Amino acid sequence: MVEEVEVKRWHGAADSRVFGWQRMPVKEALRLQDDTFRCPECLGRVRLRAAAPEKELAERGEHFSKNPGCSLGDCFAGEKRTHPKPLN
Ligand SMILES: [Zn+2]
């Protein structure tokens, strides 16, 4: 399950700010205005899903297009591979 995502933004301390992918928990990402997030493992685009307590589901990311090469996805085939259309 994708519990952390990456979002491209300015981050870092005031004197060393860099624009790049920052990894954060989905729970935190849900609070952002951004709509482009990627999977930290395969770099494929993911959409955020809010928690659904009645189904005992936590906040999570879901790949836009399934990647059998990602162990965080729900169709992992056993061999890790970068997403065919990674976000860079
Ligand atoms: Zn992935």
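Each residue is numbered by its place in its chain's sequence as written, counting from 1. Residues qualify for local features only when their pLDDT is at least 70, as the model is predicted, and side-chain atom pairs are given and counted only at 80 or more; totals for whole chains, interfaces and linings, by contrast, use all residues. Heavy atoms throughout the structure, all of them, feed into the side-chain values; hydrogens and water do not.

Trainee: Honestly, the overall build of the protein in this entry has me stumped. Any pointers?
Mentor: Within the protein, the regular secondary structure consists of one helix and five strands. Ordered by position from the N terminus, the helices and strands of the protein form the series β-β-α-β-β-β. By principal-axis analysis of the C-alpha atoms, the protein measures approximately 45 × 35 × 15 Å. Relative accessibility decides the category of a residue: with a 1.4 Å probe and only protein chains considered, values under 20% of the type maximum give buried, values over 50% give exposed, and everything between is partly exposed. Within the protein, the proportion of its 88 residues that are buried is 30%. For the protein, the accessible area works out to roughly 5900 Å², and carbon and sulfur atoms hold 48% of it. Secondary structure elements are taken from DSSP: a helix is a run of H or I of four residues or more, a strand is a run of E of two residues or more, and numbering for both begins at the N terminus. Shrake-Rupley sampling with a 1.4 Å probe provides the accessible areas, and residues are treated as covered by the protein chains on show and by no other component.

Trainee: In this structure, what is going on with the side chain of histidine 83? I would like to understand it.
Mentor: For histidine 83, the location among the structural elements is in the segment after β5 (60-63). Separated by 3.1 Å, the side chain of histidine 83 and the backbone oxygen of serine 65 make a polar contact. Residue contacts are defined here by distance: any two heavy atoms, one from each residue, within 4.5 Å place the two residues in contact. Contact partners of histidine 83, with chain neighbours within four places excluded, come to Cys42, Leu43, Gly44, Ser65 and Asn67. Pairs of N or O atoms are called polar contacts if they sit within 3.5 Å, as long as, within protein, a hydrogen donor faces a hydrogen acceptor (for residues adjacent in sequence, only side-chain-to-side-chain pairs).

Trainee: Explain the packing of aromatic side chains here, please?
Mentor: Here the aromatic set is Phe, Tyr and Trp, taking the six-membered ring for Trp, and pairing holds for ring centres within 6.5 Å; pairs whose planes are under 30 degrees apart are stacked, those over 60 apart are edge-to-face, and all others are tilted. Applying the stated criterion to the full structure yields one aromatic pair. The ring of phenylalanine 64 is capped by arginine 47, whose NZ or CZ atom sits 4.4 Å from the centre of that ring. Here, a charge over a ring means that NZ of Lys or CZ of Arg falls within 6 Å of the ring centre while also lying within 35 degrees of the ring normal.

Trainee: Looking at this model, I keep getting lost on the coordination of the zinc ion. Mind explaining?
Mentor: Each pair of donors in an ideal octahedron of six around a metal sits at 90 or 180 degrees, and each pair in an ideal tetrahedron of four sits at 109.5 degrees. The protein atoms donating to the zinc ion are Cys39 (SG), Cys42 (SG), His63 (NE2) and Cys70 (SG), with metal-donor distances spanning 2.1 to 2.3 Å. Around the zinc ion, the four donor atoms are arranged such that angles at the metal cover 107 to 115°; this shape is classified as tetrahedral. Each donor residue of the zinc ion lies on the same chain, and together they follow the pattern C-x2-C-x20-H-x6-C. Placement of the pair is cysteine 39 in the loop between β3 (37-38) and β4 (45-49) and histidine 63 in strand β5, with a sequence separation of 24 residues. With respect to class, cysteine 39 is no different from histidine 63; both count as buried. Note that water is not among the atoms considered, so a metal site may appear incomplete; the donors listed are N, O and S atoms within 2.8 Å of the metal, with 3.2 Å applied to Na, K and Ca. Geometry assignment treats four donors as tetrahedral when all angles are between 85 and 135 degrees, treats four as square planar and six as octahedral when opposite donors are over 155 degrees apart and all others between 65 and 115, and treats everything else as irregular.

Trainee: Explanation requested: the side chain of asparagine 67 in the structure shown.
Mentor: Inspection of the secondary structure assignment puts asparagine 67 in the segment after β5. A distance of 2.8 Å separates a polar atom in the side chain of asparagine 67 from the backbone nitrogen of glycine 69. The residues contacting asparagine 67, other than those within four sequence positions of it, are Cys42, Cys75, Arg81, Thr82, His83 and Pro84.

Trainee: Teacher, can you tell me more about unusual backbone geometry here?
Mentor: A negative phi holds for most residues other than glycine; trans holds for most peptide bonds. With a phi angle near 70°, leucine 43 is a residue other than glycine that sits in the positive phi range. In this fold, leucine 43 is placed in the loop between β3 and β4. Even without a glycine there, the phi angle at glutamate 56 is positive, about 55°. For glutamate 56, the location among the structural elements is in the loop between β4 and β5.

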